[in-house]
Every structure is written in structure tokens, then in C-alpha cells.
Amino acid sequence: MTAIIKQGNVAVPRHVAIIMDGNGRWAQSRFLPRAEGHRRGVESVRRTIEAAAKCGVPFLSLFAFSSENWRRPPEEVNALMKLFATALKREAKHMLANGVRMRVAGDLTAFSEDIQQSIAESEAMTASCDRMVLTICANYGGRWDIVEAMRKMVKAHPDVAEHPERITEAMVSEHMAFDWAPEVDLMIRTGGEQRISNFILWQAAYAELYVTRTLWPDFREEDFMGAIEWFNDRERRFGMTGDQVRANK
Ligand code: IPE
Ligand code: IPE
Ligand code: MG
């Protein structure tokens, strides 16, 4: 439950997850193609990684492409794939220079060989970076993650098929994605929608949810800091009463 790190008077969440939404609306309001919004969104990604590393967040997870986003028009999916491939190649060097370790969570089998190779290269290139772990969630879905974890768990513990009562939360957790990170403390969504859209479910069971109307391409360091400040005013009770929490401080 000590999900925070103290930096002076500021409590820094250990794991921040962001639903980067609003690229399409940003572009459409300017009569630009949606792909232009995604392109500008990559700049917000870079700024946000820098902001999070600067304020000492150890784990940052970004929702880049959901398991449902394949339902978009093929031109938009293609544009997103191209952008993903070029951004991976270009940003890996920045991450290395900033001490950021990059990992990817999601069903990668759906991506082209080229993208899968770029992912493997970026992960390998930044493997020894220890300032912050950035997880890019690509073809990720919270439900996919839970089902995958179940499959892996049953494989690792074949006895549970006969004895389901032996299944524990810890056994499931062990096989979920992000096994390198603590649970999500703060989930940010840009673009104003108040929904989770099948992002991290299991590992965000007790995350604080921060929604801003700011569209992702407009998201700046000060917006990130605003979310951290808001997080600082939350009382995380984890099922207890406020009095109990304050007595334990
Ligand atoms: C988020 O922006 C990026 C992805 C889902 C890849 P959107 O493209 O969903 O932007 P809006 O919600 O249509 O404005
Ligand atoms: C969630 O945004 C996915 C990402 C940010 C990658 P969407 O724009 O796909 O979410 P919905 O469909 O509006 O819920
Ligand atoms: Mg959207």
C-alpha cells in the first residue's frame, strides 16, 4: 500500500498509466487528417516521457493502440502502424540518452515483422536503462491480459483444473503483463471521456482516475504536473475508513 515515493513534499506515484486520447478530434477541429493528430500525438509522448522521468516516476505506461482499434478504417490503422514503426526507431535513441527502459505490452503477433523487430531492438537497446521503465501498450486490452494470464497460470499449475479453489489472486497476478511494475497508482485519460476502454483492468483495480478535457496533442509538462498535484490531494483508503488511514500515517 506504500504506492508512493516522497520527493520533498510531493508524493510521486510509482506507476502512472495514460490513455492518450483525442488525437482525431484535435486534427478534425483543424480540418486536418486524423493521421496528423496521431503524428502530433507522438510529440506529446516524448514530452510526457521527459516530464515523468524528471519528476521521478519509476513506471510510466502509455496506451498506444488498443485491441479494439483494429476496428478503425484501414487507412487510419495503416497510418498508425507506420507512425509506430518510425517512432520506435527514432525514439529509442532518445530513451537511451534519457536512461529510459522501453518495454512493450500487448499481443505483438498481430504486428508486421518490421515492427516486431523494431520492438525487440528498442527493448534490447534500452535494457540496461534504470531511470524509468516506459511500457508502450500496443494491441493491448485489459481483458486480453486477464485471459492470457489465465492460460499461463493453468499451464504453470495444471492441478488448478481439478482444484480451482487453489487459484489465488497472487497466482493470477504473477502471469499478468507488467509483472515488472507495481500496480497502477494514477490513471490519466486525456480527451475528456470518462471510461477505461479496456485499458489496464486487473492492475489498475485501485488506481486514482484523472480525466482531463485536454486533447492528447495539446498535453504538456504542466498538464502532467497538474495530474500529479491532483494525485497528491487524494486520500487512498484501500477499503479502510479515512480515520484508519490517517491513524496509520
Ligand atoms: C487516441 O486518439 C489515439 C488512438 C486511439 C490510437 P483518437 O484517435 O482516439 O482520438 P479521438 O478520440 O478520435 O479524438
Ligand atoms: C483508447 O482510446 C485507446 C487508446 C488511447 C490507444 P479510444 O479512442 O480507442 O477509446 P474509445 O473507443 O473512444 O472508448
Ligand atoms: Mg478516441
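One structure accompanies this document, and this report is about it. Note that the structure is a prediction, hence the values are computed from the model and not measured. (Residues numbered from 1 in each chain as written. Chains lettered and ligands numbered in written order. Predicted model: local features only at pLDDT ≥ 70, side-chain atom pairs only at ≥ 80, totals over all residues. Heavy atoms only, no water.)

## Observations regarding the side chain of His15
By secondary structure assignment, the location of His15 is in strand E3 (residues 15-19). Exposure remark for His15: the relative accessible area of 1% places this residue in the buried category. Polar side-chain contacts of His15 include one of 2.8 Å to the backbone oxygen of Pro182. Setting aside chain neighbours within four positions, we find His15 in contact with Phe59, Ser61, Phe178, Ala181, Pro182, Glu183, Val184, Asp185 and Leu186. (Helix = DSSP H or I, 4+ residues; strand = E, 2+ residues; numbered from the N terminus. Buried < 20%, exposed > 50% of the residue type's maximum accessible area, 1.4 Å probe, protein only. Polar contact = N/O pair within 3.5 Å; in protein donor to acceptor, adjacent residues only side chain to side chain. Contact = heavy atoms within 4.5 Å.)

## Some points on the pairing of E3
In terms of burial, E3 is largely enclosed, as five of its five residues are buried. Across the two faces of E3 the burial is the same, with His15, Ala17 and Ile19 and Val16 and Ile18 all buried. Where E3 meets strand E7 (residues 186-189), four bridges bridge the pair, whose relative direction is parallel. Bridge pairing links Ile18 to Ile188 in E7. (Pairing = 2+ DSSP bridges.)

## Details of the site of ligand 1
Near ligand 1 lie 13 residues; those nearest to it are Asp21, Gly24, Arg25, Arg34 and Arg72. Contact distances for ligand 1 include 2.7 Å between an oxygen atom and a backbone N or O atom of Arg25. In this structure, Arg72 approaches ligand 1 through a side-chain N or O atom, which is 2.7 Å from an oxygen atom. Across the complex, the protein chains shield 87% of the 380 Å² of accessible surface that ligand 1 would expose by itself. Of all the secondary-structure elements, those providing two or more residues to the shell around ligand 1 are helix H1 (23-28), helix H2 (34-54) and helix H3 (74-98). The element best represented in the shell around ligand 1 is H1, accounting for three residues. Residues of the shell around ligand 1, tallied by class, amount to three nonpolar, five polar and five charged. (Near = heavy atom within 4 Å. Areas by Shrake-Rupley, 256 points an atom, 1.4 Å probe, with all protein chains shown as cover. Nonpolar A, V, L, I, M, F, W, Y, C, P; charged D, E, K, R; others polar.)

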